[in-house]
Amino acid sequence: MNSATRIKYLLSGLPLLATLREYRPAWLSRDAIAGLSACIVSIPSVIAYAELVHLPPITGLYAALAAAIGYALFASSRHVIAGPDAAIGLLAGSAILPLAGGDPGRIVVLAALLSILSGFVLLIAARLKLGVIADLLSRPVLIGYLNGASLVLIATQLGKMFKIRTEGEEFFHLVWTVVEKLPETHLPTFLFGTGLILLLLGLARWLPRVPGALAVCAVAIVLTYLLDFGSYGISLVGEVPSGMPQLTIPKFGWTDIAVLAPAAVAIAFLAFSDGILLAQTFAEKNGYEVSPNRELVALGSANILAGVWQGFPVSASQSRTSIVDAAGGRTQVAQLVVAVGLLLFLFFLTGLIALLPKVALGAILIVTAFGMLEVASLIAVYKIDRVEFAIALGVTLAILLAGVVPGIILGLLLSLISVLVQISRPDDAVLRRRVSDGKFHDCRDNEEAESVPGLLIYRLYAPLLFANARHVMTRIRKLVDETQPPVRWLIIDAQAIHDMDVTAAQRFAELHRELAAEGVDVKIADAPRPLLEELARVGLSTEIGRQDFFVSVKKAAEAYEQHFPYLEKEAVQPSARAS
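As the structure is a computational prediction, the values presented were derived from the model and not from experiment.

Caption draft 1: Representation of a positive patch on the surface within the structure. On the surface, Arg24, Arg30, Arg78 and Arg330 cluster together to form a positively charged patch. Its location among the elements puts Arg24 in the loop between helix H2 (15-21) and helix H3 (25-52).

Caption draft 2: Just helix H23 (residues 553-563), in detail. Taken as a whole, H23 has its buried residues at Val553, Ala556, Ala557, Ala559 and Tyr560. Projected down its long axis, H23 shows its buried positions confined to an angular sector of 155°, all on one face. Pointing more than 90 degrees away from the buried face of H23 are the exposed residues Lys554 and Gln562. Those residues of H23 hidden inside the fold are in contact with strand E5 (440-441), strand E7 (455-460), strand E8 (489-493), strand E9 (521-525) and strand E10 (549-550).

Caption draft 3: Up close: empty space enclosed by the protein. Per the counting criterion, the structure on display carries 2 cavities of 30 Å³ or more. Considered as a void within the structure, the largest cavity measures approximately 80 Å³ in volume. Considering the residues around the largest cavity, the lining is formed by 14 residues, among which Leu464, Ile492, Ile497, Met500 and Phe508 are closest to the centre. If you list the elements that add at least two residues to the lining of the largest cavity, you get E7, helix H19 (466-482) and helix H21 (529-537). It is H19 that contributes the most residues to the lining of the largest cavity, 3 residues altogether. Of the residues belonging to the lining of the largest cavity, the class tally is 14 nonpolar, no polar and no charged. There is about 40 Å³ of room inside the second largest cavity. The wall of the second largest cavity is formed by Ser42, Ala64, Ala68, Ile81, Ala82, Arg320, Val338 and Leu342. Taken together, the residues of the lining of the second largest cavity break down into 6 nonpolar, 1 polar and 1 charged.

Caption draft 4: Summary view of the packing of aromatic side chains. Considering all chains together, one arrives at 10 aromatic pairs under this definition. Taking the centre distance of 6.3 Å and the plane angle of 45° together, the rings of Phe347 and Phe348 count as tilted. For Phe347, a relative accessible area of 45% corresponds to the partly exposed category. Each residue in the set Trp489, Phe550, Tyr560 and Phe564 is aromatic and connected to the rest through ring pairs, giving one cluster. Here the basic side chain of Arg78 rests over the ring of Tyr288, its NZ or CZ set 4.3 Å away from the ring centre. Above the plane of the ring of Tyr382 lies Arg386, whose end atom (NZ or CZ) is 4.0 Å from the centre.

Caption draft 5: Structural context of the side chain of Arg433. Structurally, the position occupied by Arg433 is in strand E4 (residues 432-434). Classification of Arg433 as buried rests on a relative accessible area of 10%. Separated by 2.7 Å, the side chains of Arg433 and Glu561 make a polar contact.

Caption draft 6: Representation of the layout of surface pockets. When its volume is computed, the largest pocket comes out at roughly 1,500 Å³. In terms of lining residues, the largest pocket is bounded by 43 residues, among which Tyr49, Ser317, Gln318, Ser319 and Arg320 are the most central. Of the residues in the lining of the largest pocket, the class split is 25 nonpolar, 12 polar and 6 charged. The volume enclosed by the second largest pocket comes to roughly 1,000 Å³. In terms of lining, the second largest pocket is formed by 32 residues, of which the most central are Glu51, His54, Lys160, Arg165 and Thr166. If you list the elements that add at least two residues to the lining of the second largest pocket, you get H3, helix H5 (86-100), helix H6 (104-127), helix H7 (139-162) and helix H15 (358-372). Partitioning the lining of the second largest pocket into residue classes produces 14 nonpolar, 10 polar and 8 charged.

Cut-offs and rules
- Residues numbered from 1 in each chain as written.
- Predicted model: local features only at pLDDT ≥ 70, side-chain atom pairs only at ≥ 80, totals over all residues.
- Heavy atoms only, no water.
- Patch = residues over 30% accessible without salt bridge, like charges linked within 9 Å, V, L, I, M, F, W, Y side chains within 5 Å.
- Areas by Shrake-Rupley, 256 points an atom, 1.4 Å probe, with all protein chains shown as cover.
- Salt bridge = Lys/Arg side-chain N within 4 Å of Asp/Glu carboxyl O.
- Lys, Arg positive; Asp, Glu negative; His and termini not counted.
- Charge placed at Lys NZ, Arg CZ, Asp CG, Glu CD.
- Helix = DSSP H or I, 4+ residues; strand = E, 2+ residues; numbered from the N terminus.
- Buried < 20%, exposed > 50% of the residue type's maximum accessible area, 1.4 Å probe, protein only.
- Arc of directions from axis to C-beta.
- Contact = heavy atoms within 4.5 Å.
- 1 Å grid on protein atoms, 1.4 Å probe; cavity = no way out; pocket = protein on both sides within 12 Å on 5 of 7 lines; lining within 4 Å.
- Points joined across faces, edges and corners; volume = space filled by probe spheres on them.
- Nonpolar A, V, L, I, M, F, W, Y, C, P; charged D, E, K, R; others polar.
- Phe/Tyr/Trp six-rings, centres within 6.5 Å; stacked < 30°, edge-to-face > 60°.
- Lys NZ or Arg CZ within 6 Å of the ring centre and 35° of its normal.
- Polar contact = N/O pair within 3.5 Å; in protein donor to acceptor, adjacent residues only side chain to side chain.

Rendered as structure tokens:
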């Protein structure tokens, strides 16, 4: 391998190096401003998200630092900012808490291990070039997950708002505990927390450019310093360590891996589906392309580094990415600026966190949860497709009843089942000749159309696979039996049948022989190249005969009418469609 090849290989593996090699000095000011803006806004949020994983606030900064470095090195996106995320944090916390037994040290180990496992799942997916797996997380499932996770997130923070001790992550249990213990509400904490929520909502409504979480934290710290809120019984975060986190591999057992594996897979799915959507959106906006597999590697590296730096699972952040884009960020250098800013904060400014009331973190998370709710999207799905609405609602209910991890796994299963159902019962049609233009179409009931006596033209709107082969052959058999006068030619419009597996080919061959024995000739029209190649591989091309393939339905119908010129055309009732 010569030096040029080595450099090319290195640049392809580390997109950041390619960026730095072509970096223009004029970009530096914009990247610096964008990165600094994202860093300042992210600090209060990532501290709050650590609470979701039941970890000390400082671990949110560790995770954010690790994500910024790990993602910037390998990402193909120039704008996405990686770091702690509310939805991912809640999912991680719900998986960890039942295993930790209330042991803070055990929570730290499990959070780090879960982050590393999620990272390895993402890297394995990248190695196998499974970037398309994110498509398995359908929009209704994501809506259902976000709605369920938002409600659980609100429930987990009610204890901070009322200063009531709560346990677990079960939605109904948490709500019931707060209702039962309402007389124990600590009034100063509740009033201060309510004021902070109103401040957050007011800023979002009238001053949307002001970062609400940062403003609330600043107000809370200043008021605590001036009014000594700690003396009124309002709980503070307290002292936190400063400096760099230590690189450590968490001590774990194989049972820990087995128990955390489902959550790791769920986090990987959610992190990548959100991350690639965000990366593609901003890449399209700014005129460049991203690689799904590169994004898998970047997110995987970010999660592994977050795990060994005593953090927790991370993902892409829409709010911080939007800030970088709005500030004119051009490259991944903006993310490196975020990392530098976090390092400076860790070394010199962590003392500010000690004065931060815990209820301020609760207020930030509650408002964040309300922002995550997808009520409008759920209503839109209801208007479009009731089945997908039921899937979204089912995922939400599963999260509320069984927890976040079972809910997201159920959502993935429902997505797969929905796809299989659609494949196994594909749409189809019997084509008729439209009176207005004489062409064969899938005519609706209100269109004037006629059929050619003795000719049945069948169109399948799907590939022919093992999952639908029996249904499709039964459907064709039924149409042939019910058509009057009796069918002489069956023309299959194959333009949408771009694939046929072995099982389907076998069933089609059986139907072909059966119909041939009854005097029905089977013709294939407009077959795409992949189908023709598959028919040749399984030997059906020879069995059917070259003369029975036509370039279009029109040509096949003309051949039929020339073969049976004495048959008169007659109109028939509109064709039935597959249920």
